[in-house]
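Descriptive analysis of the structure
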Amino acid sequence: MSAVSTIEWTEEFARAVRRLIDVSVDDYYNPYRTFEWPETITPDGLWMSRELLSVYGTAAEQELSHEQLVELSRWESVNLYSLIAHGIRELLIEVMRRIHTPGYEIPTPYFHHFIGEENEHMWFFAEFCLRYAGRIYPDRRMVFPTDERAPEMNNFIVFSQILIFEQIGDYFNAHMAADEKLPETVRAVNRIHHRDESRHIAFGGKLVKALFEEVRRTHSAEEVEEVGQYLRGYIDLIIQMLYSRDAYQDAGIANPTRFRAAVMADPARAAITARIIERTNNFYRRIGLFH
């Protein structure tokens, strides 16, 4: 496994790691005692903010009744939380491969907090799905890279995928945490996840920037451009997974495959997608990968 890193960690990065560790310790909570799990969640209200639904703004949305939108919001919540749970499992595997390995001595102390918090996130999102929907949707692989690339490139891609996944998920979490129209249980899982992810994203941004500097030192402009295209493709993959045939089918929508294609192709979705990925695109522009 090619995880060896030759990164020259700055003192600024080391200080940031120490600050994040202190905040993680101060903010620690027991998730198994934090949540109140009611027997049911309001059946006639949305489980996801309407503007976050995959059909929002489309012609298809206008054809759905309020009852159908409510049902769709239930299953799109299950899809989102299932994606988060499966994605966390995959990112934990990658972080575990690097903890206490040569080159990662500086970030390793924070990796311990990251691993513990992400494991708890995986638990409460899975618990929500199992309690209120009776299932978790199947795993849609996050396509983490193999070891075919050079170690420094592989490391950059892995932590970039983790950061991208967290940033896109946090767009939904932050919005739903603040949406007073949603049931409190829905707001609570999103609120707590958003609070923790704010630290993970801050750490991830600093880590990815340092990894990218190493990549630029050791690889050609053509290779850097190729990895940029790879990550753009990964962003597209995450967005596509938000349009779930499983969710459409469980919501009782006729011909879910055709419905999914129509919704994804609706011109209204382009501007919405741009907002979802804006923070990610801006980050990679700032570090010099996206142009």
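Each chain carries its own residue numbering, running from 1 in the direction its sequence is written. pLDDT decides what is reported in this predicted model: residues at 70 or higher carry local features, side-chain atom pairs at 80 or more are listed and counted, and totals for whole chains, interfaces and linings draw on all residues regardless. Heavy atoms from the whole structure form the basis of all side-chain values; hydrogens and water molecules are not counted.

1. Looking at the packing of aromatic side chains
For Phe, Tyr and Trp, where Trp contributes only its six-membered ring, two rings pair if their centres lie within 6.5 Å, and the inter-plane angle classes them as stacked under 30 degrees, edge-to-face over 60, or tilted in between. Counted according to the given criterion, the structure contains 24 aromatic pairs. Both rings, one in phenylalanine 13 and one in phenylalanine 203, keep their centres 6.1 Å apart while their planes meet at 45°; by these two values the pair is tilted. Highlighted residues: phenylalanine 13 in helix H1 (residues 11-26) and phenylalanine 203 in helix H7 (residues 184-218), separated in sequence by 190 residues. Of the two residues examined, phenylalanine 13 and phenylalanine 203, each falls in the buried class. Where phenylalanine 156 meets phenylalanine 212, the ring centres are 5.3 Å apart and the plane angle is 35°; that geometry is what we call tilted. Labels follow the DSSP assignment, with helices taken as runs of H or I lasting at least four residues and strands as runs of E lasting at least two, numbered in each case from the N terminus. Buried, partly exposed and exposed residues are distinguished by accessible area as a fraction of the type maximum, computed with a 1.4 Å probe on protein chains only: under 20%, between the cut-offs, and over 50%, respectively.

2. Some thoughts on unusual backbone geometry
Notably, histidine 100 is not glycine yet its phi reads approximately 60°, a positive angle. Of note, asparagine 255 is a non-glycine position whose phi angle comes to about 50°, a positive value. Structurally, the position occupied by asparagine 255 is in the loop between helix H9 (245-250) and helix H10 (256-265).

3. Some details on empty space enclosed by the protein
Residues are called lining when one of their atoms sits within 4 Å of a cavity or pocket point, these points coming from a 1 Å grid over the protein atoms alone, where a cavity is a set in which a 1.4 Å probe fits but cannot get out and a pocket is an open set with protein on both sides within 12 Å along at least five of seven lines. Grid points are joined across faces, edges and corners, and a volume is the space filled by probe spheres set on the points. All chains considered together, the criterion is met by 4 cavities of 30 Å³ or more. Counted as a void, the largest cavity has a volume near 110 Å³. In terms of lining, the largest cavity is formed by 14 residues, of which the most central are Leu52, Ser54, Glu76, Phe172 and Leu242. At the level of secondary structure, the elements contributing two or more residues to the lining of the largest cavity comprise helix H4 (66-98) and helix H11 (268-276). Taken together, the residues of the lining of the largest cavity break down into 9 nonpolar, 3 polar and 2 charged. Throughout this entry, Asp, Glu, Lys and Arg are counted as charged residues, while Ala, Val, Leu, Ile, Met, Phe, Trp, Tyr, Cys and Pro are counted as nonpolar. The remaining residues, Gly among them, count as polar.

4. Let's talk about the pattern of salt bridges
By salt bridge we mean one thing: a side-chain nitrogen of Lys or Arg within 4 Å of a carboxyl oxygen of Asp or Glu. Using the criterion set out here, one finds 17 salt bridges in the structure. Arginine 131 is paired through a salt bridge with glutamate 127; the nearest N and O atoms lie 2.7 Å apart. On the criterion of helical spacing, the pair formed by arginine 131 and glutamate 127 is a turn pair, its members being 4 residues apart in helix H5 (residues 108-132). The salt bridge involving arginine 195 is made with aspartate 196; its shortest N-O contact spans 3.9 Å.

5. Let's talk about the side chain of histidine 219
Relative to the assigned elements, histidine 219 resides in the loop between H7 and helix H8 (221-241). For histidine 219, a relative accessible area of 15% translates into the label buried. Under the rule applied, a polar contact is a pair of N or O atoms within 3.5 Å (in protein, one hydrogen donor and one hydrogen acceptor; residues adjacent in sequence only if both atoms are side-chain atoms). Within polar-contact distance, the side chain of histidine 219 engages the side chain of glutamate 223 at 3.2 Å. In what follows, a contact means two residues having at least one pair of non-hydrogen atoms within 4.5 Å. Once residues lying within four places of it in the same chain are set aside, the contact partners of histidine 219 are Ala150, Glu152, Met153 and Val224.

6. Describing H1
Its 16 residues give H1 an end-to-end C-alpha distance of 23 Å, which sits within 8% of 22 Å, the value for a rise of 1.5 Å per residue. Those residues of H1 that sit buried are Phe13, Ala14, Ala16, Val17, Leu20, Ile21 and Ser24. The buried residues of H1 occupy an angular sector of 160° when the element is viewed end-on, so they sit on one face. Away from its buried face, by an angle of more than 90 degrees, H1 presents the exposed residues Glu12 and Asp26. Each helix should span, by expectation, one fewer than its residue count multiplied by 1.5 Å. As used here, the arc is the angular range of directions from the helix axis to the C-beta atoms.

7. Description of the environment of tyrosine 137
Within the element layout of this structure, tyrosine 137 appears in the loop between H5 and helix H6 (151-178). Taking C-alpha positions, tyrosine 137 is 16 Å from threonine 257, a pair spaced 120 residues apart along the chain. Non-local contacts of tyrosine 137, meaning those with residues more than four positions away in its chain, are made with Trp75, Val78, Asn79, Ser82, His86, Ser244, Asp246, Ala247 and Asp250. Among the polar contacts listed, one links the side chain of tyrosine 137 to the side chain of aspartate 250, at a separation of 2.7 Å.

8. Some details on H5
Its 25 residues place the ends of H5 36 Å apart at the C-alpha level, agreeing with the 36 Å of an ideal helix rising 1.5 Å per residue. Positioned one or two residues after H5, glycine 134 has a phi angle of 75°, which is positive.

9. Here we look at the packing of H6 against H7
Convention adopted: a line fitted to C-alpha atoms gives each axis, helices being fitted over their contacting stretch, and angles between N-to-C directions are expressed from 0 to 180 degrees. At a closest axis distance of 7 Å, the pairing of H6 and H7 adopts a crossing angle of 155°. Put simply, H6 runs roughly antiparallel to H7. Read as a crossing pair, H6 and H7 show a hand that is left-handed. Any angle between 65 and 115 degrees counts as roughly perpendicular, while under 35 counts as roughly parallel, over 145 as roughly antiparallel, and the rest as oblique. Definitions for this section: a left-handed crossing has its near helix turned counterclockwise from the far helix by less than a right angle. A right-handed crossing has that turn clockwise.

10. A closer look at the packing of H6 against helix H12 (residues 278-286)
Helix-helix packing: each pair is described by the crossing angle between the helix axes and the interaxial distance. Closest axis-to-axis distance for the H6/H12 pair is 9 Å, and the angle between their directions is 145°. Along the contact surface, H6 presents Phe156, Ser160, Leu163, Ile164, Gln167, Ile168 and Asp170, while H12 presents Arg279, Thr280, Phe283 and Tyr284. In terms of residue class, the contact of H6 with H12 is built from 6 nonpolar, 3 polar and 2 charged.

None of the figures reported here should be taken as evidence of function without further support.
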